[in-house]
Amino acid sequence: CGGVLEAVRISCAGYPTRRTFDEFIDRFGLLAPKILEGNYDEKVATELLLKKVGLSNYQTGKTKVFLRA
């Protein structure tokens, strides 16, 4: 029940889109392939990718990135 309530709280806070770092990199990694060369930490790579494309309406958690619409 706690996970459901947290998901509702996050959605109400204006972050309806949430993806794990791995899902985010798989989907959007082609926008900045140089970031993904070699070994990388998924959270760091996600943050670098978000900065590279100029997104500012996001928040990162322990395992996911939350994007505003």
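Above this text sits the structure in question.
Residues numbered from 1 in each chain as written. Predicted model: local features only at pLDDT ≥ 70, side-chain atom pairs only at ≥ 80, totals over all residues. Heavy atoms only, no water.

A. Region of interest: the overall build of the protein. Per the secondary structure count, the protein includes 3 helices and 3 strands. Ordered by position from N to C terminus, the α and β elements of the protein give α-β-α-α-β-β. Reported as C-alpha extents along the three principal axes, the dimensions of the protein are approximately 40 × 20 × 15 Å. Scored against the burial criterion, the 69 residues of the protein give a buried share of 22%. Partitioning the intrachain contacts of the protein with sequence separation of at least 6 by distance along the chain shows that 46% fall at a separation of at least 24. For the protein, the exposed surface amounts to about 4900 Å²; the carbon and sulfur share of it is 53%. Each charge class in the protein can be summarised by its mean position, and for the 11 positive and 8 negative side chains these summaries are 8 Å apart. (Helix = DSSP H or I, 4+ residues; strand = E, 2+ residues; numbered from the N terminus. Buried < 20%, exposed > 50% of the residue type's maximum accessible area, 1.4 Å probe, protein only. Contact = heavy atoms within 4.5 Å. Areas by Shrake-Rupley, 256 points an atom, 1.4 Å probe, with all protein chains shown as cover. Lys, Arg positive; Asp, Glu negative; His and termini not counted. Charge placed at Lys NZ, Arg CZ, Asp CG, Glu CD.)

B. Molecular detail of the nonpolar core. Ranked by size, the top nonpolar core spans 7 residues in total: Phe21, Phe24, Ala32, Leu49, Leu50, Val65 and Leu67. Counting only elements with at least two residues in this core, the list comes to α2 (21-28), α3 (42-53) and β3 (64-67). Beyond its immediate chain neighbours, meaning those up to four positions away, Leu67 contacts Gly14, Tyr15, Pro16, Thr17, Phe24, Leu50, Asn57 and Tyr58. (Core = buried A, V, L, I, M, F, W, Y, C linked by side-chain atoms within 4.5 Å.)

C. Representation of the packing of aromatic side chains. Under the counting rule described, the total for this entry stands at 1 aromatic pair. Seen from their ring centres, Phe24 and Phe28 are 4.9 Å apart, and the 45 degrees between their planes marks the pair as tilted. Of this pair, Phe24 and Phe28 both sit in helix α2, 4 residues apart, roughly one helical turn. When its relative accessible area of 4% is taken as the criterion, Phe24 is described as buried. Residue classification places Phe28 among the partly exposed positions, given a relative accessible area of 26%. (Phe/Tyr/Trp six-rings, centres within 6.5 Å; stacked < 30°, edge-to-face > 60°.)

D. Here's a closer look at the sheet that holds β3. Taken in spatial order, the 3 strands line up as β1-β3-β2 in an open sheet, and their pairing is antiparallel. Of all strands in the sheet, those bounded by a partner on one side alone are β1 (17-20) and β2 (58-60). Adjacent strand axes in the sheet meet at a mean angle of 20 degrees when their direction is disregarded. Relative to β3, β2 runs antiparallel, the two being bridged by 3 bridges. Its bridge partner being in β3, Tyr58 is matched across the sheet by Leu67. Strand contacts of α2: β1, β2 and β3, with the helix running at about 100 degrees to β1, the strand carrying the most contacts. Each of β2 and β3 touches α3; the most contacted strand, β2, lies at about 165 degrees to it. (Pairing = 2+ DSSP bridges. Axes fitted to C-alpha atoms, helices over the stretch in contact; angles between N-to-C directions.)

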